[in-house]
Amino acid sequence: MLRYFFKRLLSLALSLLAASVVIFLALEVVPGDPAAYMLGLNAQEDTLNALREQLGLNGTILERYLSWAGGLLTGDFGISYTYRTPVADMIGDRLWVSLPLALYALTLSTLIAFPAGIWAASRRGSYVDAGVMGVTQLGVAIPNFWFAMLMVLVFAINLRWFSAGGFAGWDEGFWASIKSLTLPAIALALPQASILTRVMRSSLLDTLGEDFIRTARAKGLSKGQAMWRHALRNALIPVLTIMGLQFSFLLAGAIIIENVFYLPGLGRLVFQAISARDLIVVESVVMLLVFAVIMVNFSVDLAYALVDPRLRGRR
Amino acid sequence: MSLLKIKNLSLAIHGVPILKDISMEVEPGRVLGVIGESGSGKSITAFSVMQLLPNGAESSGNIALVGQDILSLSEVELCGIRGREVGMVFQEPMTALNPLKTIGAQVAETILIHENVSRADAKRRAAEALRRAELPQDQFPLSRYPHELSGGQRQRVVIAMAIALRPKLLIADEPTTALDVTTQAQILLLLKRLVVEDGMGLMLISHDLAVVADLADDLVIMREGEVVESGPSDALFRNMQHPYSRALLKASGHVPERVGQTQDAALLRVSKVVREYVSHSHGLWGATSHFRAVSDVSFEIRRGESLGLVGESGCGKSTLTRAILGLEDVQGGEILFDGQPVFTHHHANKDVRRRMQVVFQDPYGSFNPRWKVSKLITEPYHLLEDPPRGVEQDAAIAEALESVGLNSDDQHKYIHEFSGGQRQRIAIARALIIKPDLIILDEAVSALDVSVRAQVLDLLADLSDRFGLTYLFISHDLSVVRSITERVLVMKAGEIVEEGPTGDVFDRPKHQYTKQLVAAAPALPADVQVA
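Residues numbered from 1 in each chain as written. Chains lettered and ligands numbered in written order. Predicted model: local features only at pLDDT ≥ 70, side-chain atom pairs only at ≥ 80, totals over all residues. Heavy atoms only, no water.

## Quick notes on the overall build of chain B
Part 1 of the argument: A tally of regular secondary structure across chain B gives 18 helices and 22 strands.
Part 2 of the argument: The C-alpha atoms of chain B give a radius of gyration of 25 Å, which matches the 24 Å a tight globule of 531 residues would have.
Part 3 of the argument: The buried share of chain B, reckoned over its 531 residues, is 54%.
Part 4 of the argument: Surface accessibility of chain B: about 22700 Å² in total, with carbon and sulfur atoms responsible for 49%.
Part 5 of the argument: In chain B, which carries 55 positive and 68 negative side-chain charges, the distance between the mean positions of the two groups comes to 3 Å. (Helix = DSSP H or I, 4+ residues; strand = E, 2+ residues; numbered from the N terminus. Rg over C-alpha atoms; globule rule 2.2 N^0.38 Å. Buried < 20%, exposed > 50% of the residue type's maximum accessible area, 1.4 Å probe, protein only. Areas by Shrake-Rupley, 256 points an atom, 1.4 Å probe, with all protein chains shown as cover. Lys, Arg positive; Asp, Glu negative; His and termini not counted. Charge placed at Lys NZ, Arg CZ, Asp CG, Glu CD.)

Spelled out as structure tokens, the structure:
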């Protein structure tokens, strides 16, 4: 188990290193000079040079990479080209919106998907099964921004239960913030829950067809007991994989929903930074998302080992 | 009173009749052998007793367990009977256990589900059940997981689960089919001991007459959902009435006729071959250890000869096969085919490779289901520099199919349209099409029913006579090896421990291991007359 853990940890570190190099190089080849962008068209050559020096844009590629990566490690992400504020602070503020939103959406999606998937699988071929499959088909097909606008119309404009957009801020209290994140979280969770339900159902059905379920039934367990005691944990492995992928996606992929609800999240930050050619912000956010994805995968790997004793013994 | 009495049981699944009016009885302390080929309905009979049937199954007739009519019980009542009154053991021990739970928890579950006892008590009794299944606690503690056990050990766990509550009836559905001969012998002995100790009734289901012959007091022979013959096994073996039973008995001891024209020249020469695998197991960058799968193996196959290679799973048979086919390099020694090395410059030597073909065990998994037969059997053509095309290719396909007893029109079909035996014929046609000198038959008849197996063995004998083929026949089944090979090699833990003419080796084994193998191999009673 310990060796499994360290092996995963090593692969985590190597992935981060590789990702940082790729991200750095990718943005190196993007055309456009941030200094020129910041100072406008009429800037003097020596002013530009001075600014480049200040931003750390001079020097060899290796020097610039090392100073950037070193900064990342110490929590110094540099200064935004457009806002002239530390990138770390900007990201920190936005993370307080995006991270809770992603967790909220994932929780909702899990709370819907587990019971629905188990319910459908345990009544395979019934109307319940057909109904769940139909609804999830729809859930995957409906674009979430359209669903989001629909919810705004119904719950914000007509019923006035929620505000149509914006974020209250955590200073306004926990429930106020949660309330402003509810509609976006539902919109984000809808397709995710649909996919997860289908994965849960098919994984559980596969497991229910396994020989050891028959063995359990031969011992005298009822269908339901065999499912809860023997099938469910075995069926979780593919479900965990999908959940890991979904969390990473929710953290990074909420751009459209954040725009629909005017939420100051990471997605919007990156969107604005790209339009403003604020490369250092883009670099930092992308790096942070990569870090999150890798951490999530690491946790999923550890969760596998908790579920499956065969992995614990493996080196 | 009988323990189990099945009377006039008929069963249909979605309207398709599966069992037709079958009757059989199991007495306490006695073993009922149920014999039949695939599709005979023997497993469905067992599942009818447990009432673990697929959806859409409809039964009529009567199944009485200690006087209780099983067919009239509710699902809840049935759950109370399964595991307590009737225990069941299955064919495939590798998948019969939940991989995520310890063996202790799985055995204790049988007890906890039926009796209101404490967990500690259930654990203590689970340990006792495992001990009775010959898995002592000092070597196999309750905390073991299934993946830490071998196939035979896992089967013992399944048996422990089935007998934990000392049921009156035990149903064993092909309990040893997936196991090696020596393990099979041990498991059969264990079952027999449990029957004697507990006075339990045992319903032993098998496709193999010889497996059942030793153990069963009574026999039932089934075909296509019907009982064709039944009675006490001594009497039945001596005086079989039904033509099907006699054909089955005859097929299981079938010896194909071969002319055999072995020449003196060696076709394949394996000398001092070593095959090692590297296993990284000591830390991240630490030393690696080597696992020697084949160790210093030498033998020859003469042109036209049929050589047997027997050994249990993990003995290195398959590794050796891959080395001979030039799929992998060896770490020592050399393999020469007609004087040329089989492996050169990091890949198989094509000049030699096109003169060797292989037929594998699984007639279901070894074909691409989306290809037509014509494409499947011409696959070895990629070994030729100038393969036949057009009319010439059509002629070759027709010839290959006809030589294995199929129709040349079959080339337009897909593989799912064929039965297991026909598929194995197609596999042989695929091997024949480039007219090889040597065919390696890797457990090629092991998955087939006895009567189909007899036909395929006849076909192989006939083909070797017609085309002067040389066979390397790899199998764990001694009786098959005996029937088709002239010479045999016995392999154990990567080494050849004995070799010689097949009859001599099996009749007068010298090496301790060969003796064990021969003793463990199930055999029909010696005085049985094959009509």
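After that view of the structure, there is still more to cover.
## What about the pairing of strand β22 (residues 495–501) of chain B?
Residues and elements named next belong to chain B.
Part 1 of the argument: Strand direction decides the pairing type here: strand β21 (residues 487–492) and β22, joined by six bridges, are antiparallel. The residue bridging V490 from the neighbouring strand is E498, located in β22.
Part 2 of the argument: The hairpin formed by β21 and β22 contains two residues between the paired strands, and A493 there has a positive phi angle of roughly 45°. (Pairing = 2+ DSSP bridges.)

## Regarding the interface of chain B and chain A
Interfaces are often described in size by the accessible area the parts lose on coming together.
Part 1 of the argument: Taken together, the 31 residues of chain B in the interface contact 24 residues of chain A.
Part 2 of the argument: Summing both partners gives a buried area of about 2500 Å² for chain B against chain A, and 60% of it is carried by carbon and sulfur.
Part 3 of the argument: The interface formed by chain B and chain A holds three salt bridges in total.
Part 4 of the argument: Two residues, E109 of chain B and K219 of chain A, come together in a salt bridge whose shortest N-O distance is 2.7 Å.
Part 5 of the argument: Taken together, the links from chain B to chain A amount to 14 residue pairs in polar contact (both at pLDDT 80 or more).
Part 6 of the argument: Elements supplying a minimum of two residues to the side of chain B that touches chain A: α1 (42–50), α2 (75–81), β6 (86–89) and α3 (103–114) of chain B.
Part 7 of the argument: If one sorts the elements of the side of chain B that touches chain A by residue count, α3 of chain B sits on top with five residues.
Part 8 of the argument: Of the residues belonging to the side of chain B that touches chain A, the class tally is 16 nonpolar, ten polar and five charged. (Contact = heavy atoms within 4.5 Å. Buried area = accessible area lost by both parts, 1.4 Å probe. Salt bridge = Lys/Arg side-chain N within 4 Å of Asp/Glu carboxyl O. Polar contact = N/O pair within 3.5 Å; in protein donor to acceptor, adjacent residues only side chain to side chain. Nonpolar A, V, L, I, M, F, W, Y, C, P; charged D, E, K, R; others polar.)

## Observations concerning the sheet that holds strand β10 (residues 226–232) of chain B
Residue and element names in this part refer to chain B.
Part 1 of the argument: Strand order across the open sheet formed by six strands is β6-β7-β8-β3-β9-β10, with mixed pairing between neighbours. Edge strands, defined here as strands with exactly one partner in the open sheet, are β6 and β10. Across the sheet, the mean angle from the axis of one strand to that of its neighbour is 15°, orientation sign disregarded.
Part 2 of the argument: Here strand β3 (residues 31–36) pairs with strand β9 (residues 218–223) via five bridges, running parallel. Residue pairing for β9: G36 is matched across the bridge by M222.
Part 3 of the argument: In the packing of helix α6 (residues 181–198) onto the sheet, the strands contacted are β3, β7 (169–173) and β8 (201–206), and the crossing angle to β8 comes to about 155°. (Axes fitted to C-alpha atoms, helices over the stretch in contact; angles between N-to-C directions.)

## Concerning the pattern of salt bridges
Residue and element names in this part refer to chain B.
Part 1 of the argument: Summed over the entire model, instances satisfying the criterion amount to 40 salt bridges over all chains.
Part 2 of the argument: With a shortest N-O distance of 3.4 Å, D338 and R303 are connected by a salt bridge. Of this pair, D338 sits in the loop between β14 (332–337) and β15 (340–341) while R303 sits in the loop between β12 (288–302) and β13 (306–310), and the two are 35 residues apart along the sequence.
Part 3 of the argument: On the basis of relative accessible area, D338 is assigned to the partly exposed category, the value being 33%.
Part 4 of the argument: Exposure remark for R303: the relative accessible area of 23% places this residue in the partly exposed category.
Part 5 of the argument: As a salt-bridge pair, R487 and E305 come within 2.6 Å of each other at their nearest N and O atoms. Of this pair, R487 sits in strand β21 while E305 sits in the loop between β12 and β13; the two residues are 182 residues apart in sequence, bridging distant segments of the chain.

## Re the domain arrangement of chain B
Residues and elements named next belong to chain B.
Part 1 of the argument: Each assigned domain of chain B is listed with its residue range as follows: domain 1 (4–94 + 169–252) and domain 2 (266–281 + 289–520).
Part 2 of the argument: Contacts between domain 1 and domain 2 engage nine residues on the former and twelve residues on the latter.
Part 3 of the argument: For the pair domain 1 and domain 2, the interface holds zero salt bridges.
Part 4 of the argument: One can count five residue pairs in polar contact (both at pLDDT 80 or more) joining domain 1 with domain 2. (Domains from an automatic or database assignment.)

## Considering the side chain of T502 of chain B
Residue and element names in this part refer to chain B.
Part 1 of the argument: Counting through the fold element by element, T502 comes out in helix α17 (residues 502–507).
Part 2 of the argument: Residue T502 is classed as buried on the basis of its relative accessible area, which comes to 2%.
Part 3 of the argument: Among the polar contacts listed, one links the side chain of T502 to the backbone nitrogen of R487, at a separation of 3.2 Å.

## Here we look at the nonpolar core
Part 1 of the argument: Counting 92 residues, the largest nonpolar core has L4, M24, V107, L169, I171 and L204 of chain B as the members making the most contacts within it.
Part 2 of the argument: Top contributing element to this core by residue count: helix α5 (residues 151–163) of chain B, with seven residues.
Part 3 of the argument: The contacts of M24 of chain B, once residues within four sequence positions are left out, are L4, K5, I6, L32, V34, T45, M203, V220, M222 and V227 of chain B.
Part 4 of the argument: Membership of the second largest hydrophobic core comes to 66 residues, among which are L51, M151, V281 and A292 of chain A. (Core = buried A, V, L, I, M, F, W, Y, C linked by side-chain atoms within 4.5 Å.)

## As for the sheet that holds strand β19 (residues 438–442) of chain B
Residues and elements named next belong to chain B.
Part 1 of the argument: In space, the six strands of this open sheet follow the order β18-β19-β20-β13-β21-β22, with mixed pairing throughout. Single-partner strands in this sheet number two, and they are β18 (356–359) and β22. For this sheet, the mean angle separating the axes of adjacent strands, direction not counted, is 20°.
Part 2 of the argument: Relative to β21, β13 runs parallel, the two being bridged by four bridges. Bridging across to β21, L309 finds its partner in L489.
Part 3 of the argument: Contacts from helix α14 (residues 420–432) reach β18 and β19, with the element oriented near 170° to β18.
Part 4 of the argument: The strands touched by helix α18 (residues 512–520) are β13, β21 and β22; relative to β21, the strand with the most contacts, the crossing angle is about 105°.

## Quick notes on the packing of α3 of chain B against helix α4 (residues 119–132) of chain B
Residues and elements named next belong to chain B.
Part 1 of the argument: Where α3 contacts α4, the two axes come as close as 8 Å, and the packing angle between them is 110°. Looking at the two axes, α3 sits roughly perpendicular to α4. Taken as a pair, α3 and α4 cross one another with a handedness that is right-handed. Across the interface between the two elements, I103, G104, V107, A108, I111 and L112 from α3 touch R119, A122, K123, R125, A126, A129 and L130 from α4.
Part 2 of the argument: Partitioned by chemical class, the residues of the contact of α3 with α4 number nine nonpolar, one polar and three charged. (Parallel < 35°, antiparallel > 145°, perpendicular 65-115°, else oblique. Left-handed = near helix turned anticlockwise from the far one by under 90°.)

## Side note on helix α12 (residues 266–275) of chain A
All names here are of chain A.
Part 1 of the argument: L266, G267, R268, L269, V270 and A273 are the residues of α12 that are buried.
Part 2 of the argument: The elements touched by buried residues of α12 are α5 (87–122), α11 (255–260) and α13 (279–307).
Part 3 of the argument: Phi for R277, located one or two positions after α12, is positive at around 55°.

## Section: a nonpolar patch on the surface
Residue and element names in this part refer to chain A.
Part 1 of the argument: A cluster of nonpolar side chains, F145, W146, M149, L150, L153, V154, I157, L159, W161 and I256, forms an exposed patch at the surface whose accessible area comes to about 930 Å².
Part 2 of the argument: With respect to the helices and strands, the residue M149 is situated in helix α7 (residues 144–158).
Part 3 of the argument: Look at M149 and you get partly exposed, because its relative accessible area is 42%. (Patch = residues over 30% accessible without salt bridge, like charges linked within 9 Å, V, L, I, M, F, W, Y side chains within 5 Å.)

## A short note on the environment of H114 of chain B
Part 1 of the argument: Here H114 of chain B lies in helix α3.
Part 2 of the argument: Classification of H114 of chain B by relative accessible area gives buried; the value is 14%.
Part 3 of the argument: As a C-alpha pair, H114 of chain B and A398 of chain B span 284 residues in sequence and 62 Å in three-dimensional space.
Part 4 of the argument: In this structure H114 of chain B touches K219 and G220 of chain A together with C79, G80, R82, G83, R84 and L165 of chain B, once residues within four positions along its chain are discounted.
Part 5 of the argument: Looking at H114 of chain B, its side chain comes within polar contact range of the main-chain oxygen of R82 of chain B, at 2.8 Å.

## Looking at the packing of aromatic side chains
Part 1 of the argument: According to the stated counting rule, one finds eight aromatic pairs over all chains in the structure shown.
Part 2 of the argument: Where F24 of chain A meets Y65 of chain A, the ring centres are 5.3 Å apart and the plane angle is 70°; that geometry is what we call edge-to-face. Of this pair, F24 of chain A sits in helix α1 (residues 2–28) while Y65 of chain A sits in helix α4 (residues 61–73); the two residues are 41 residues apart in sequence, bridging distant segments of the chain.
Part 3 of the argument: Classification of Y65 of chain A by relative accessible area gives buried; the value is 13%.
Part 4 of the argument: With 5.7 Å between their ring centres and 35° between their planes, F155 of chain A and W161 of chain A make a pair best called tilted.
Part 5 of the argument: Put simply, the rings of F5, F6 and F298 of chain A pair up and form one aromatic cluster.
Part 6 of the argument: Sitting over the face of the ring of Y277 of chain B, R275 of chain B holds its NZ or CZ atom 4.5 Å from the ring centroid. (Phe/Tyr/Trp six-rings, centres within 6.5 Å; stacked < 30°, edge-to-face > 60°. Lys NZ or Arg CZ within 6 Å of the ring centre and 35° of its normal.)

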